[in-house]
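# Examination of the molecular architecture
Here's the letter readout for the chains.
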Amino acid sequence: MDSATPRSASALLLLLLLLLRAERSGGAELTFELPDNAKQCFHEDVEQGVKFSLDYQVITGGHYDVDCYVEDPLGNTIYRETKKQYDSFTHRAEVKGVYQFCFSNEFSTFSHKTVYFDFQVGDEAPILPDMGNRVTALTQMESACVTIHEALKTVIDSQTHYRLREAQDRARAEDLNSRVSYWSVGETIALFVVSVSQVLLLKSFFTEKRPVSRAVHS
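Below you will find a few notes about this structure. (Residues numbered from 1 in each chain as written. Predicted model: local features only at pLDDT ≥ 70, side-chain atom pairs only at ≥ 80, totals over all residues. Heavy atoms only, no water.)

## Considering the overall build of the chain
The condition is simple: We count a stretch as a helix when DSSP gives it H or I for four or more residues in a row; a strand needs E for two or more, and each element gets its number in order from the N terminus. Type-normalised accessible area, obtained with a 1.4 Å probe on protein chains alone, sets the label of each residue: buried when under 20%, exposed when over 50%, and partly exposed for intermediate values. By definition in these notes, contact holds between two residues if any of their heavy atoms fall within 4.5 Å. The Shrake-Rupley method, run with a 1.4 Å probe sphere, supplies the accessible areas, and residue values consider only the shown protein chains as cover.
A count of helices and strands for the chain gives 2 helices and 8 strands. In the chain, the succession of α and β elements from N to C terminus is α-β-β-β-β-β-β-β-β-α. Sorting the 218 residues of the chain into buried and exposed places 28% on the buried side. Within the chain, counting contacts between residues at least 6 apart in sequence, those at least 24 apart form 77% of the total. Carbon and sulfur atoms make up 57% of the accessible area of the chain, which totals about 15,600 Å².

Structure representation (structure tokens):
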């Protein structure tokens, strides 16, 4: 039993080291404000033959839509969508250089938008060394590492999805609460005005109008 404890500790240490080796591909993840009649562009340097992906979603504002397009270093538009709530785009760079992706709210005259995007460059590094070239089967520990790594990626994606949904639902609830509050204030003012008007009207019905006598001086 004494030898089982060091063996379990070493196996756990190997598992942690292998999981730490799994580095996420380069890129950026950002949530930003996009005013009305505005356009926001971002730039990323991509090597030739490297795959990159763009995921975006409008969290708050208007009809939850935005225009998006991606241009290569030569100025060619490789992706363009109008008034989309969310979308994904994956492309392998044919030309080395700075790629530009823009979000436009120029079609809106008064609605501010909150936009989230995740731009990733390159393929994910293998969790195990020489995993793509090895011919032997994975050991039980290595298989467990790969399984846990894939599960963690699924958890991260699910957390991002639910976080965006929570932010979107919270914004809708706050907007609905503001509308209900304004409507309640308006109804209260209207009720007060109607009540005062009815009181004054009823009072005018029961008010005796006395004739005014004028003294005639001869």
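What follows continues from the structure just given.
## Focus on the packing of aromatic side chains
Inclusion rule: Two aromatic rings from Phe, Tyr or Trp, using only the six-membered ring of Trp, form a pair when their centres are within 6.5 Å; if the ring planes differ by under 30 degrees the pair is stacked, by over 60 it is edge-to-face, and anything between is tilted.
For the structure shown, the criterion picks out 15 aromatic pairs. With a centroid separation of 5.5 Å and an interplanar angle of 70°, the aromatic rings of Y56 and F103 are classed as edge-to-face. Of the two residues, Y56 is situated in strand 3 (residues 51–60) and F103 in strand 7 (residues 97–104); the sequence distance between them amounts to 47 residues. F103 carries the same exposure label as Y56, and that label is buried.

## Description of the side chain of D118
Short version of the rule: Any N or O atom pair separated by 3.5 Å or less is treated as a polar contact, with the protein-specific requirement of one donor-capable and one acceptor-capable atom, and with residues adjacent in sequence counted only for side-chain atom pairs.
Relative to the helices and strands, D118 is located in strand 8 (residues 113–121). Of the residues examined, D118 reaches a relative accessible area of 9% and is grouped as buried. One polar contact links D118 to Q120, side chain to side chain, over a distance of 2.6 Å.

## Here we look at the pairing of strand 6 (residues 86–92)
Operational definition: Strands are labelled as partners when DSSP assigns at least two bridges between them.
Residues D87, F89 and H91 line the buried face of strand 6, whereas the alternating positions Y86, S88, T90 and R92 sit on a face that is not buried. In terms of strand pairing, strand 3 meets strand 6 through 7 bridges, oriented antiparallel. When the bridges of strand 6 are listed, Y56 appears paired with D87.

## What about the pattern of salt bridges?
So the rule is basically this: The term salt bridge refers to a pairing of a side-chain nitrogen on Lys or Arg with a carboxyl oxygen on Asp or Glu at a separation within 4 Å.
As enumerated under the stated definition, the model contains 5 salt bridges in all. We note a salt bridge from K96 to E47, for which the minimum N-O separation is 3.7 Å. Here K96 is found in the loop between strand 6 and strand 7, whereas its partner E47 is found in the loop between strand 2 (39–46) and strand 3, with 49 residues between them in sequence. Assessed through its relative accessible area of 41%, E47 is described here as partly exposed.

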